[in-house]
Amino acid sequence: MVQAAIVAGCYPGIGFVRAGNKLKKIRTSTEAAATLHPSSVIKRQVLAASKRSDVINQYVTEDSEDPVIEYLAFHELAKIDEGLTLRTVTVIPPCAVVLFAGSMRLKKSTIQNFNITDPDSEDEGDVDEDAPSRDVVHPIEHWIGVRATYSDMKRLIQLRFKVMSYFLSAIHKPQILANPMKEDNVSDVLCGLEVLICAKKFIWNFLMFYHFE
């Protein structure tokens, strides 16, 4: 849940890293090839084992794989001799990007493609037969997107729709925050959100000490 709050608070301070990049080129909303600041804890952690400190290496076994880092939330861009760098960085899971980054208003095409307004619809009926098993890319903005299977992405966007609806309701009726569980469907939305964010399925290959600086 902390990561989710960081994503919402830092946006548009989100960086995207292509697979195999090793954090050498980080795409942001304004820069195509930023890097991590030399003082970044994350930068020191993704070094080769021979270059990492003993404090970090004690948490890494010899046969362990490096974590897959795709998305980063950052607080500021700093220009140094090496170029533009990201400071105060947190590694974030893709599901948090889908749920809490980007415009609050979904595009009409997104609503139609994923049949967001019909919670009882079946994945098989939305597109062709192999749609639920194929990957789709949901564009958060023109410079960043998230890849997932159609069925997973559909459920994520449906949840985002409900979370944002609750957020707007709270703006118009702040009194519901005093006891949100009394509101219709709010309990299911909040509990589902907590379960999803904490689920290992959406954490993938992260190690806990990679999360925060």
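The name an unreviewed UniProt entry gives the chain is DEAD-box helicase OB fold domain-containing protein, with Ancylostoma duodenale as the organism.

A. Focus on the environment of I144. Mapped onto the secondary structure, I144 falls in strand β6 (residues 144-149). Each C-alpha atom, one on I144 and one on V97, is 9.7 Å from the other, the two residues being 47 residues apart in sequence. Discounting chain neighbours no more than four positions away, the residues touching I144 are I14, F16, Y71 and P139.

B. View of the sheet that holds strand β2 (residues 35-36). Pairing in this open sheet of four strands is mixed, and the strands run β1-β3-β4-β2 from one edge to the other. Each having just a single partner strand, β1 (14-16) and β2 make up the two edges of the open sheet. Judged from the two bridges that link them, β2 and strand β4 (residues 83-92) form a sheet pairing that is parallel. What sits directly across from T35, in β4, is T85. Sheet strands touched by helix α1 (residues 2-10): β1, β3 (71-80) and β4. Its angle to β4, the strand with the most contacts, is close to 145°.

C. Local environment of α1. All of the buried residues in α1 are Q3, A4 and V7. Projected down its long axis, α1 carries its buried residues within an arc of 105°, all on one side. Turned more than 90 degrees away from the buried face of α1, the exposed residues are V2, A5 and G9.

The rules we used
- Residues numbered from 1 in each chain as written.
- Predicted model: local features only at pLDDT ≥ 70, side-chain atom pairs only at ≥ 80, totals over all residues.
- Heavy atoms only, no water.
- Helix = DSSP H or I, 4+ residues; strand = E, 2+ residues; numbered from the N terminus.
- Contact = heavy atoms within 4.5 Å.
- Pairing = 2+ DSSP bridges.
- Axes fitted to C-alpha atoms, helices over the stretch in contact; angles between N-to-C directions.
- Buried < 20%, exposed > 50% of the residue type's maximum accessible area, 1.4 Å probe, protein only.
- Arc of directions from axis to C-beta.

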